[in-house]
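# Architecture and fold: a report
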Amino acid sequence: MSPLLRRALPRIAAVMTALISVGAVVTILNAVESRSGLVWICVGGGLLVAGGSITLALARQTVWDRLAARAERWLQPQPRGEDAPVWGGVLIALGAIVYLAQLAVYFPQNDSYAGQDEEAFILTAAEVHDAGGALALLPELYSGRFREANRHPLYLGMLALRPNFQSGKLLSVVLGCSVFVGVIVLGVRRRQWLRTGILCLLLGWNFAFARFSVIVGCEVLLAGIVGLYWLWLEVPAERTHGETPAAADWKLAAVSAVAVALAWLTKGTGLLLAAGCGLWLLVGSLRAESGDIRWSERGRWVHGVRVLAVFAVVWVVVASPLLTRNVLRFRHPFHNVNTWLLFVDEYQDPDQLSQSTTVAEAAAAYVGSHTWAEMAAREAQGLIWEVFVLLRSLGPPPWEDARVLPGAVLAALAIIGILVERRREQRLLVLWLLLCFPLFAWYVPIAVGERFIFPLVIPLLSCAADGGMHCLRWMRRASAS
């Protein structure tokens with residue numbers, strides 16, 4: 001990269017930030033009728049960001065050089081020092097207490113499910129129960145007789161054991177508590193008590209995690225699979241005796257394939273996560289990150305293809321029940337009726353859409369009836385709303401939409417954590433965000449909510465814990481100097 005382009009990129013980024021901020025302000029003022037304090041805080045914050053970005057874009061190069069030097073010092077990894085197991089244990093216990101308290105409050109509040117997604121899960125699980133239950137679900141899938149083309153089978157099989165409202169809520173509580181315990185176990189394995197305590201406090205105090213832990217739905221199961229797999233990546237793998245770096249990469253690919261295949265068996269979002277995971281494994285293999293061998297150019301590509309092949313084979317084997325059903329019944333391995341909703345402007349019955357036209361025909365009709373400006377506006381406005389939803393999903397109760405304010409602080413800490421730590425799994429999280437965010441943004445006119453981005457909450461809070469630890473070390477060093 002030329003020095004001129006290197007100097008121009010920050011200014012271009014500042015201009016883009018200003019434009020995005022102005023677009024967010026316009027979107028909020030046009031789409032939100034309320035003029036509450038939260039709305040004015042968001043509008044004022046957007047205008048401040050826009051003004052500051054324009055000021056930076058027009059600033060002299062000496063200003064940028066000073067800012068770059070300060071940022072480099074600030075993001076310099078600090079000495080870790082001694083861990084604080086006592087304080088870490090206190091924070092873990094506090095996080096567990098807060099989480100259980102939220103469950104005690106929200107469990108009885110969820111007293112109705114008619115006309116909601118919870119009802120659809122219960123009715124579908126009841127059909128599975130009547131057809132023979134969870135044990136009969138696999139033969140139903142492999143024979144193509146299982147007809148549900150929206151909700152995926154893993155959670156339905158669990159719910160089919162007792163397909164009623166109270167049992168479904170209890171199942172979500174059990175799943176949520178199991179995920180919380182898994183977070184503690186994986187954090188302790190990493191021997192970072194204080195960081196684990198911070199993560200447990202953030203997770204136990206997270207409204208979305210508690211809320212999804214008391215409703216009948218697959219969200220907490222999906223978030224648990226994704227989050228625990230991501231935290232497992234944080235723990236340095238111990239290589240067995242005689243295991244080569246290539247074999248270690250193959251093992252990583254196999255475990256990753258199992259995790260994202262289970263995620264897809266839980267919800268369609270797992271397909272995006274699988275695509276991101278496969279790309280992450282391939283890029284990591286080509287970078288020869290196993291470290292203690294030197295690959296030739298051809299050797300890296302051969303190794304990368306083998307890693308990707310292991311990932312693909314294991315993923316297909318684990319996901320084969322749903323893949324087989326889709327091919328036999330719908331003639332497409334990744335069939336899901338919600339795909340048709342990507343090519344309408346408002347919610348319609350996806351089953352009727354799938355019976356009246358093909359996905360290709362629906363896509364062609366949508367593109368033919370909309371200009372590029374209209375489609376770009378849909379995506380841009382959706383991205384703004386998805387940022388709001390993401391920030392809100394990170395926040396604690398009881399502030400409803402105002403959760404976006406503490407959520408913004410946690411998002412800033414997560415960015416700091418990613419920039420400072422630069423671990424391999426953090427690149428996977430960035431890939432997942434880059435793949436999921438545009439699609440969720442496009443889907444906003446159909447449905448918008450925290451359940452779409454929720455699977456990535458645990459990785460994001462983990463990065464926020466990294467950012468919090470960095471700030472604590474920096475303040476400790478500043479006070480000592």
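Note: the structure precedes this text.
What this report covers is the structure whose coordinates are included nearby. Worth saying up front: this structure is predicted, and the values here are computed from it rather than measured.

A few words on the overall build of the chain. The helix and strand tally for the chain stands at 21 helices and zero strands. Taking 23 Å as the expected radius of gyration for a compact globule of 481 residues, we find that the chain reaches 24 Å, a close match to that expectation. Seen through its principal axes, the chain has C-alpha atoms that stretch 70 × 65 × 55 Å. The long-range share in the chain, meaning contacts at least 24 apart out of those at least 6 apart in sequence, stands at 77%. Accessible area for the chain stands at about 24,000 Å²; split by element, carbon and sulfur atoms hold 67% of it. Across the chain, 41 positive and 35 negative side-chain charges occur, with their mean positions spaced 10 Å apart.

Here we take up the environment of Leu 221. Summarising the element assignment, Leu 221 is placed in helix H11 (residues 219-234). Since its relative accessible area comes to 10%, Leu 221 is described here as buried. Each C-alpha atom of the pair Leu 221 and Pro 455 lies 8.9 Å from the other, and the pair is 234 residues apart in sequence. With residues near it in sequence (within four places) discarded, Leu 221 still touches Leu 154, Tyr 155, Met 158, Leu 175 and Thr 266.

Looking now at the packing of helix H13 (residues 269-286) against helix H19 (residues 424-442). Across the interface, H13 lies against H19 with an axial gap of 9 Å and an inter-helix angle of 140 degrees. As far as their axial angle goes, H19 and H13 are oblique. Here H13 and H19 pass one another in a crossing that is right-handed. Along the contact surface, H13 presents Thr 269, Leu 272, Leu 273, Ala 275, Gly 276, Cys 277, Leu 279 and Trp 280, while H19 presents Arg 424, Glu 425, Arg 427, Leu 428, Leu 431, Trp 432, Leu 435, Cys 436, Leu 439 and Phe 440. The residue makeup of the contact of H13 with H19, split by class, is 13 nonpolar, two polar and three charged.

Parameters and conventions
Residues numbered from 1 in each chain as written. Predicted model: local features only at pLDDT ≥ 70, side-chain atom pairs only at ≥ 80, totals over all residues. Heavy atoms only, no water. Helix = DSSP H or I, 4+ residues; strand = E, 2+ residues; numbered from the N terminus. Rg over C-alpha atoms; globule rule 2.2 N^0.38 Å. Contact = heavy atoms within 4.5 Å. Areas by Shrake-Rupley, 256 points an atom, 1.4 Å probe, with all protein chains shown as cover. Lys, Arg positive; Asp, Glu negative; His and termini not counted. Charge placed at Lys NZ, Arg CZ, Asp CG, Glu CD. Buried < 20%, exposed > 50% of the residue type's maximum accessible area, 1.4 Å probe, protein only. Axes fitted to C-alpha atoms, helices over the stretch in contact; angles between N-to-C directions. Parallel < 35°, antiparallel > 145°, perpendicular 65-115°, else oblique. Left-handed = near helix turned anticlockwise from the far one by under 90°. Nonpolar A, V, L, I, M, F, W, Y, C, P; charged D, E, K, R; others polar.

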